[in-house]
Every structure is written in structure tokens, then in C-alpha cells.
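Working through the structure, step by step
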Amino acid sequence: MIKIVKYVIVDILRNKIVIAYTAFLLAISLSIFNLEDNTSKGLLSLLNIILIIIPLVSIIFSTIYVYNSSEFLELLVSQPLKRKNIWMSLFAGLAISLSFAFCIGAGIPIILYAASSTGFVMLGMGLILSIVFASVAMLSAVMIRDKAKGIGISILLWLYFSLLFDGMVLFILFQFEDYPLEKIMVAITAFNPIDLGRILILLKMDISAMMGYTGAIFRDFFGTGTGFFIALLVMLLWVAVPAWLSVRTFNRKDL
Amino acid sequence: MKKILLYALLFCTCFSLYANTIKVGRNENISTIAKGIALAANGDTVLVGPGLYKEHGLIVNKSILLKGANNPVIDGENKFEVVAITVSNVTIEGFTVINSGSSSVEDYAGIKIINSKNVIIRNNILQNNFFGIYSQHGTHCRIENNRISSTAVSEQLSGNGIHCWKSDSMYIIGNKMNGNRDGIYFEFVTNSVISRNESFKNVRYGLHFMFSNNDAYISNLFHNNGSGVAVMYSHGVSMIRNFFFENWGDAAYGLLLKEIADSYIDNNSFEKNTSGIVMEGASRIQVQRNSFNRNGTALRIQASCMDIDIKKNNFIGNTFDVSTNGSLVLNSFKGNFWDKYEGYDLNRDGIGDVPYRPVSLYSMIIEKNPPAMILFRSFMSSLLDKTERVLPGLTPEALKDDNPLMKPLKL
Amino acid sequence: MIIASNVSKKFKKLTVLENVSLNCIKGECIALIGPNGSGKTTLIKTILGMVVPDSGFITFNGRNILHDWKYRSHIGYMPQIGRYPDNMTIGQVLSMMKDIRAHKEKTFDEELIYAFGLNILLNKRMRTLSGGTRQKVSACLAFLFDPEVLILDEPTAGLDPLSSELLKDKIRKEKQKGKLIMITSHILSELDDLITQVIYMQEGKLVFHKNIDDLRKETGEQKLSKAIASVMIKK
């Protein structure tokens with residue numbers, strides 16, 4: 001399996017897009033930290049990149065890559081290899097390359113300019129989000145045979161997670177204003193990995209505000225060791241469940 | 001007449017020059033402090049040697065210097081008041097006073113000043129008392145360099161570190177208090193100064209003012225208190241060069257101003273508080289040259305405030321700069337530095353050319369619908385804020401700083 | 001060696017395999033023939049596990065292939081249209097396959113690589129190759145690991161006559177080693193001298209599975225194409 005991962009990574013690296021993505025992240029992060037005079041404001045700008053750009057690039061790149069590897073998959077499937085291993089190797093290769101790109105592109109500037117707990121949580125969330133969206137991409141690419149349709153679905157999924165979901169939540173918040181929604185809101189965030197990551201970052205970044213009444217409920221849950229652990233577990237589920245579903249589909253898929 | 005005065009003065013000096021020193025201790029003839037006080041005359045020194053003295057209800061009714069050598073411990077055995085001062089011109093220093101009684105009817109204290117003037121209480125350690133130092137009708141008293149700590153858990157079952165009631169001209173300097181209900185509590189106290197104290201981890205407030213006019217507190221450090229510092233129903237209070245730090249909690253703030261008027265808040269630093277300053281029904285207050293760093297909300301000004309002058313402050317790294325609960329604005333913001341300001345300065349005079357609106361749309365949404373905090377800093381909320389900046393419609397029109405600074409002030 | 005029983009497969013509404021059963025024995029050389037779209041390639045893909053049948057099962061050496069993947073190490077497969085990662089070179093594809101199949105003691109059968117002259121094209125990227133050269137690569141890969149079973153899907157389609165002959169020589173050689181060889185082709189004349197068995201498929205159904213000699217006797221035709229044609233006419 002490691003061998004296949006190696007071939008996937010070599011192939012991704014040969015494909016210049018990941019290198020360009022790394023350079024892009026690096027340029028943006030460095031310029032953010034150099035332009036802003038205080039690092040907390042720099043981290044704030046970086047937060048938007050992590051929550052918007054990372055999922056977008058991860059999901060679209062991964063989807064396209066999976067479609068483009070159909071020949072590779074076909075070749076491997078006729079070989080004495082477990083289908084599960086082939087698919088997981090593809091996923092691992094994508095996850096490793098995207099994480100690596102993020103670590104170089106955003107991780108180095110964060111460590112250089114903002115090596116605080118906020119910085120590290122941000123780094124961790126960026127990594128997990130990269131992998132989550134690679135996993136979601138694997139699922140959408142295996143479910144849909146048509147490439148154009150698959151890429152379209154991936155873009156829609158990204159739009160859903162980064163904007164539509166939040167819009168719906170805001171709508172619910174105002175429709176049911178008179179009900180105590182705080183606890184439900186904590187549960188609802190579990191359905192969106194971007195929100196979950198954002199809240200975990202907020203708890204470090206805006207700790208003072210999160211201590212207030214409005215944030216108290218979130219702090220009480222996410223701020224505790226158990227809460228943080230559960231949130232992290234849910235994030236990992238967001239990696240594992242789509243990946244597992246995609247393996248299941250791939251196992252029965254006709255090539 | 002003049003001669004008599006002179007003689008009297010001379011007599012006094014001689015008297016104090018030849019004042020007696022009465023030694024109390026395990027190895028002395030006099031083994032209890034009470035006996036020492038009983039044997040002393042006005043102006044004498046009672047010097048208490050080291051050791052544990054289980055003497056409660058000690059009453060200092062003579063103008064003496066009661067001095068502890070090597071921190072003798074007076075233990076109230078959790079039952080009674082430990083030391084009470086009932087005459088003027090008393091100094092108590094160098095003791096460790098522990099375990100006063102506690103009660104829901106009586107205000108038992110470690111050291112209590114009752115109807116006295118010119119009392120000095122300094123360099124004492126007070127531990128586990130209901131009230132630490134209690135002044136009732138004290139005048140011109142100094143409470144200096146004491147270390148007051150307790151293990152309060154709830155507001156009901158605990159007393160204050162330094163409690164002053166109906167007192168005047170008090171000097172409270174260099175004390176350190178923690179674990180009390182309020183670090184320092186003032187009620188009907190006038191013309192007093194609180195300076196260089198550190199008040200932290202108290203259950204309720206670090207400092208609490210009620211109906212206390214014309215006082216000043218300067219260069220104090222308040223941190224990690226239940227809800228910060230509260231100044232209520234007072235006027236003429238000067239708050240200068242204090243440091244309000246990490247007052248975190250559901251309804252915590254660095255400083256609460258409630259129904260106060262004609263006061264100054266100058267050169268203070270508010271850092272990492274849930275709210276920096278909360279103002280309700282405050283009027284005619286100058287807020288100048290303060291720095292607000294990394295608070296949840298730097299300034300919370302209710303619509304019930306008027307003539308608050310917010311000038312030349314630094315607002316850096318706060319989650320929200322200003323929040324309010326209405327559209328009526330009778331206060332002015334001028335020449336502050338806001339790190340969230342995105343305007344420009346074409347004529348290079350250091351002042352931004354477009355006004356800054358410190359109230360963001362999303363902070364108003366959260367004010368109205370608290371659980372919406374969950375979407376803070378999402379793509380959605382940034383989009384709403386950006387739209388509002390371009391087309392202001394919902395945030396208070398008049399709440400703006402017309403001369404925002406381009407660079408932070410050096411404070 | 002390979003037994004399929006009642007294998008059926010539908011792609012959405014289209015039935016591509018319907019109750020196909022067959023038994024292939026070591027040493028046989030089977031021609032899988034039938035018109036376009038008769039399900040030949042799908043049948044091969046089900047044997048390789050690339051297509052999962054809706055019902056029925058396939059065993060390889062007595063083991064159901066559904067939850068097994070190791071059996072594929074005994075098979076060399078040459079696809080009808082070989083598709084390879086575009087930006088790999090021929091050399092990289094060959095060495096990757098060698099690497100992945102982790103062939104320990106045995107040496108590789110590189111005869112065809114030299115016969116086709118691929119050894120001088122090793123640095124060419126797959127995307128620059130013509131269809132014929134790709135076919136050559138596919139053929140080389142199928143024979144590379146000296147497998148017991150060879151499944152060749154339209155092996156000579158797209159090859160020039162010379163290469164086609166080279167490949168047939170190779171197949172003949174392997175046949176002599178006693179391997180099971182399964183070939184699909186619709187150019188029937190090619191297969192005359194190679195095969196021992198004929199499987200004829202039509203519209204997803206297996207029409208007959210016969211020994212070539214029996215078939216010749218039955219029809220009295222020597223040429224495979226004529227024999228098939230006469231069978232079809234009878235039916």
C-alpha cells in the first residue's frame with residue numbers, strides 16, 4: 001500500500017498545481033503577516049483563508065485528481081491488489097500532499113510570525129479541513145461517474161459548507177428566536193466541519209468574547225477538555241465517514 | 001494661650017519620647033496581648049513576640065502602637081471578631097490575623113476600626129477572616145501593605161477584604177487581596193485614595209464602590225475577579241492608571257459604571273476582559289488615553305448614558321470595539337485609534353479621512369440573538385459586516401469617530 | 001481452474017450478462033467470440049473482479065473471487081484499450097508494475113519488450129504514444145510476470161501485422177507451457193491455429209462452449225469463421 005501511496009504522491013507532485021497552491025499560500029500568508037502590524041490581525045486575515053480557500057482547493061483539486069486517475073485505478077484494479085488498499089492509497093496520497101502543501105504554505109509563516117496557541121490551533125484546523133475535504137471529494141467522485149457533474153457537485157458542496165449551511169443556521173436562529181437554541185446550536189455545528197473548526201479557533205482567538213454570556217455555552221462545551229476532544233473526534237469522523245463510504249462504493253464499483 | 005499650647009506640645013513629645021515598651025510573649029512576664037494592652041498607657045508600644053495567640057475579641061481601647069515581632073499569629077478560632085480598635089491614634093503592624101468568626105448577622109472582621117481617627121494598619125497578614133479589615137466611621141486611616149486572603153466560594157457566605165463604611169479620608173495603599181467577596185468595598189466613603197493595590201481572584205468584585213463620592217483610585221491592578229470592578233451610584237471618582245486584566249465570565253467586565261457622573265477614566269489599561277467597560281446610566285465621564293487590548297467587547301455603552309467623552313484611546317485586538325443597545329447616541333468618540341479601521345489618510349495628517357463606525361452589524365445581531373455567536377467570523381457574518389460598512393442602515397448612525405487615528409497612540 | 005456459475009450483470013436497464021456459466025481448465029486456449037456488445041469484455045472484467053456481478057459467482061482454483069484479491073497474481077490481463085497515467089513514461093509504468101506486484105524470486109519475462117523494441121522507447125510519456133504502442137505496452141505487462149492464466153482482450157487489434165505475428169508467437173509459446181489462455185477477438189481467422197476451445201456469446205448469453213475439434217466435426221468446416229457461421233445458420 002505504501003508503494004501505491006508513493007506513486008500517487010510522486011504523480012501529484014509532478015502535477016504542478018499543488019506546487020502552485022503551496023506557493024500561493026506561502027505568498028499570501030507572508031504578505032498578510034508583513035502588512036499587518038499586529039499578529040492577531042494577521043491571524044484574523046489568515047482565518048478567512050483557512051475557512052474559505054483551503055476547503056475549496058482541497059475539494060476541487062481532489063475531485064479532479066480522482067477523475068484523472070481513472071486510468072491508473074483501472075490499471076491497478078486488474079492487478080493482485082485489494083481494492084480498498086488502492087482507494088485508500090489514493091486518499092492517503094491526496095491527504096498527505098494537501099497537508100504538506102498547507103504546512104509549507106501556511107504553517108511556516110504561522111510558526112515564524114504567530115507561534116501562539118491560536119496559531120497552532122489554526123494550523124491543526126487547516127490540516128484537518130484539508131483532509132476532510134479531500135475525503136468528501138473522494139466520495140463525490142466515486143458516486144458520480146460523469147466528471148463535469150462530479151466537479152459541479154464538489155463546488156456545490158463547498159458552497160453549502162461555507163455559506164449555505166450558515167445561512168440556514170442564521171435563518172433558524174431568527175425564526176426560532178424565542179426558544180433556547182444554544183445547546184441545539186452546539187449539536188448543529190457538528191454537521192459542518194468548517195463551523196466546527198472555526199469555533200475551535202475562535203475559542204483561542206476570541207477567548208475574551210467567548211467568556212461572555214453569548215459565548216458561554218460554547219465555551220462550556222468546546223472550552224473543556226472533553227468538549228475539545230469530542231469536537232476533534234467529530235472532525236475526525238468527517239474524515240473517516242466519507243472516506244469509508246467512498247471505499248464501500250468503490251469496492252462494488254464497475255470499472 | 002500660645003505658651004500653654006507650646007507646653008502641651010512639649011509635654012506630648014516628652015511623653016512619646018519616654019513612652020514605655022511593654023513586651024508580650026511566651027518568655028516574657030506578660031503572656032497575653034489583652035494583658036499587655038491593659039497594662040499600657042496612651043502612647044506606649046506593645047511589642048508582641050512570635051507565637052500563636054488564641055485571643056479573640058481583643059479590643060484596642062488605648063492609643064498605642066501594637067507591634068508584632070516576627071509575625072505573631074492571633075487566632076479568632078472561627079468564632080469571634082479578632083481585633084477591634086475603638087480609639088483614635090492606634091497603629092497595628094506586623095501581625096498575622098486568622099480565623100475570625102463568620103455570621104450572617106454580624107460583620108466579624110480580622111481587624112475592625114470603630115469610630116476612630118488616624119488609625120494605621122500596616123504590614124499585616126490576614127487570612128481566612130470573614131471580613132479582613134473593616135472600617136466603620138473611620139477617618140484619616142491608613143491601611144497599608146497588608147496581605148489579605150480568604151477562601152470565599154460564594155457571595156453570600158463571604159466578606160470583603162477591605163470594607164469601609166461611612167468613612168472619610170481613607171488611604172488604602174499597597175495591599176494585596178484575594179479570595180474575598182469584594183477585594184475592596186466602599187460604601188458612603190468620601191475623599192479617599194486607593195492606590196497601588198492588587199486585587200485578584202475575588203468572588204465578586206476586585207473593587208466595589210457604592211454611594212462614595214470624590215474618591216480616587218490610582219495605579220491598582222485588578223485581575224481574574226468574578227466580575228471586575230464596579231463603581232455605582234457615585235460621582236466625582238477618578239480612575240487613573242489602573243490595570244484591568246482577564247476579568248472573565250458570563251457577565252464579567254473590567255469596569256462597570258452604573259449611575260455615576262462627573263468622573264475621569266484616564267490612562268487605564270483594559271486587557272483580555274469579557275467586556276472592558278460597561279456603562280449604564282453614566283453621564284459626564286471623560287474616558288481618555290486608555291488602552292483596550294484583546295477584550296471581548298471593549299466598550300459597552302447603554303443608550304441610557306450621556307455626555308461620555310471617549311477621546312484618544314487605543315482599541316487593539318478587541319473582538320468587538322463598541323456595542324450598544326439602542327439607536328440613541330448622546331456620547332462622542334473622537335481621535336481614537338481603532339485597529340479595525342480600514343480608511344485612508346490622503347493629506348497625511350495622521351487622521352483618517354472617513355469616519356470609523358465601531359459598532360459592527362454582527363455585534364448587534366449577537367446582542368439581539370445571542371446564540372448567533374456561533375456564526376461569528378464565518379463567511380456569512382463577514383459578508384453581512386462588509387455590506388453594512390458599505391451601506392450603513394442598521395447600526396446607529398451617530399455612533400462614529402470622525403477623526404480616527406491612523407497610528408496607535410503611545411500610552 | 002476458472003468456474004463461473006449463473007453470472008448475471010445489468011448496467012442499469014441493459015442486461016449485459018445473463019446466467020453465464022463456464023468452466024475453464026488449465027492448458028486450454030479458449031476463444032471468446034461473439035458480435036460487438038455481446039458481453040465478452042464484461043465477462044472478462046467479472047473474472048478479473050473489475051465488474052462485480054449482480055448474481056452468480058466465479059471461482060478461481062476453487063475459491064470465490066468476491067472477497068479474494070490475491071488470485072489476480074496468477075492472471076496476466078491485456079485490456080482491449082489500455083489506459084495508463086498520462087504523465088508516466090513506459091519505463092515508469094513497467095517498473096511501477098514490477099514494484100507493485102512484488103515479484104520476489106522469479107525473474108521477469110521481458111521477451112516481448114525486446115521483441116517489440118519497447119526497450120528503446122522507455123523514456124516516452126504514455127500520453128505521446130500511439131494506440132498500437134499502447135497495445136504493445138499492455139501486452140508486455142500481461143506477459144511480464146509469467147502468470148498461469150492469460151486473459152487477452154482483442155490482443156491484435158491495432159497492432160501492425162509484424163507485431164501481431166510476434167504476439168501470436170508468444171501466445172503459442174505460453175500455450176505450450178500449459179497455461180490457460182483466454183482470447184477475445186472478432187477477427188476469427190487469427191485464432192485458427194491457436195485455440196482448443198470456443199465460447200460463443202450473443203446478447204449476454206453464452207450460446208455454446210465447445211472443443212474446436214468437436215465443432216469442426218459437427219460442421220465439417222476447417223476454418224473457424226466458417227464453422228461459427230454454419231452453427232449460427234443452424235440456429
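Reference entry: report on the structure contained in this document. (Residues numbered from 1 in each chain as written. Chains lettered and ligands numbered in written order. Predicted model: local features only at pLDDT ≥ 70, side-chain atom pairs only at ≥ 80, totals over all residues. Heavy atoms only, no water.)

1. Brief notes about the overall build of chain A
- The number of helices and strands found in chain A is twelve helices and zero strands.
- Listing each helix as α and each strand as β along chain A from the N terminus yields α-α-α-α-α-α-α-α-α-α-α-α.
- For chain A, the C-alpha radius of gyration of 19 Å lies close to 18 Å, the compact-globule estimate for 255 residues.
- Overall size of chain A, expressed as C-alpha extent along the three principal axes, is 60 × 45 × 30 Å.
- Split into buried and exposed, the 255 residues of chain A put 56% on the buried side.
- For chain A, contacts bridging at least 24 residues in sequence account for 79% of all contacts bridging at least 6. (Helix = DSSP H or I, 4+ residues; strand = E, 2+ residues; numbered from the N terminus. Rg over C-alpha atoms; globule rule 2.2 N^0.38 Å. Buried < 20%, exposed > 50% of the residue type's maximum accessible area, 1.4 Å probe, protein only. Contact = heavy atoms within 4.5 Å.)

2. Here's the deal with unusual backbone geometry
Residue and element names in this part refer to chain B.
- The residue lysine 201 is not glycine, and still its phi comes out positive at about 50°.
- Tracing the backbone shows lysine 201 in the loop between β21 (198–200) and β22 (207–210).
- Lysine 201 gets classed as exposed once you look at its relative accessible area, which sits at 54%.
- Residues other than glycine seldom take positive phi values, yet lysine 312 does so here, at roughly 55°.
- Assessed through its relative accessible area of 42%, lysine 312 is described here as partly exposed.

3. Here's the deal with the state of the cysteines
- According to the stated counting rule, one finds zero disulfides over all chains in the structure shown.
- There is no disulfide at cysteine 164 of chain B, and the cysteine sulfur nearest it, in cysteine 141 of chain B, is 8.3 Å away. (Disulfide = S-S within 2.5 Å.)

4. So, the environment of serine 40 of chain A
- Looking at the secondary structure, you find serine 40 of chain A in helix α3 (residues 39–68).
- For serine 40 of chain A, a relative accessible area of 34% gives the class partly exposed.
- Taking the C-alpha atoms as reference points, serine 40 of chain A and tyrosine 67 of chain A, separated by 27 residues in sequence, lie 40 Å from one another.
- Once residues within four sequence positions are removed from consideration, serine 40 of chain A is found in contact with Met205 of chain A together with Gly317 of chain B.

5. Notes on the packing of aromatic side chains
- As enumerated under the stated definition, the model contains 29 aromatic pairs over all chains in all.
- Summarising the aromatic geometry, the rings of tyrosine 341 of chain B and tyrosine 356 of chain B are spaced 6.0 Å apart at their centres and angled 90° between planes, so their arrangement reads as edge-to-face. Of the two residues, tyrosine 341 of chain B is situated in the loop between β39 (337–338) and α3 (361–368) and tyrosine 356 of chain B in the loop between β39 and α3; the sequence distance between them amounts to 15 residues. Judged on exposure class, the residue tyrosine 341 of chain B and its partner tyrosine 356 of chain B are both buried.
- Pairing phenylalanine 60 of chain C with tyrosine 71 of chain C gives two aromatic rings, centres 5.3 Å apart and planes at 45°, and the pair type is tilted. With phenylalanine 60 of chain C in strand β4 (residues 55–60) and tyrosine 71 of chain C in the loop between β5 (63–64) and β6 (75–78), this residue pair connects regions lying eleven residues apart in the sequence.
- Of the residues examined, tyrosine 71 of chain C reaches a relative accessible area of 3% and is grouped as buried. (Phe/Tyr/Trp six-rings, centres within 6.5 Å; stacked < 30°, edge-to-face > 60°.)

6. Some words on the interface of chain A and chain B
- Between chain A and chain B, the residue contacts involve 39 residues of the former and 33 residues of the latter.
- Here chain A packs against chain B, burying approximately 2900 Å² in sum over the two surfaces, 68% of which is carbon and sulfur.
- Counting across the interface, chain A meets chain B through two salt bridges.
- For lysine 368 of chain B, the salt bridge is made with glutamate 177 of chain A, and the minimal N-O distance between the two is 3.9 Å.
- Where chain A packs against chain B, one counts six residue pairs in polar contact (both at pLDDT 80 or more).
- Within the residue set of the side of chain A that touches chain B, elements represented by two or more residues are α3, α7 (147–175), α8 (182–189), α9 (193–205), α10 (207–210) and α11 (213–222) of chain A.
- Examining the composition of the side of chain A that touches chain B, we find that eight residues originate from one element, α7 of chain A, more than from any other.
- Classifying every residue of the side of chain A that touches chain B gives 21 nonpolar, ten polar and eight charged. (Buried area = accessible area lost by both parts, 1.4 Å probe. Salt bridge = Lys/Arg side-chain N within 4 Å of Asp/Glu carboxyl O. Polar contact = N/O pair within 3.5 Å; in protein donor to acceptor, adjacent residues only side chain to side chain. Nonpolar A, V, L, I, M, F, W, Y, C, P; charged D, E, K, R; others polar.)

7. Comments concerning the sheet that holds strand β25 (residues 229–232) of chain B
Residues and elements named next belong to chain B.
- Within the open sheet, the twelve strands sit side by side as β4-β7-β10-β13-β16-β19-β22-β25-β28-β31-β34-β37. Their pairing is parallel. The open sheet has two edge strands with one neighbour each: β4 (58–60) and β37 (320–323). Between one strand axis and the next, the sheet turns by 10° as a mean value, whatever way the strands run.
- Inspection of the sheet shows strand β16 (residues 162–165) paired to strand β19 (residues 184–187) by four bridges, in the parallel sense. Across the sheet, the residue bridging to isoleucine 162 is isoleucine 184, located in β19. (Pairing = 2+ DSSP bridges. Axes fitted to C-alpha atoms, helices over the stretch in contact; angles between N-to-C directions.)

8. Section: the packing of helix α1 (residues 2–14) of chain A against helix α2 (residues 90–100) of chain C
- Viewed as axis vectors pointing N to C, α1 of chain A and α2 of chain C meet at an angle of 155°, and their least axial separation amounts to 10 Å. When the axis of α1 of chain A is compared with that of α2 of chain C, the two are roughly antiparallel. Helix-helix and strand crossings are classified by hand; for α1 of chain A and α2 of chain C the assignment is right-handed. Residue-level inspection shows Lys3, Ile4, Lys6, Tyr7 and Arg14 of chain A of α1 of chain A in contact with α2 of chain C, the latter providing Gln92, Ser95, Met96, Asp99 and Ile100 of chain C. (Parallel < 35°, antiparallel > 145°, perpendicular 65-115°, else oblique. Left-handed = near helix turned anticlockwise from the far one by under 90°.)

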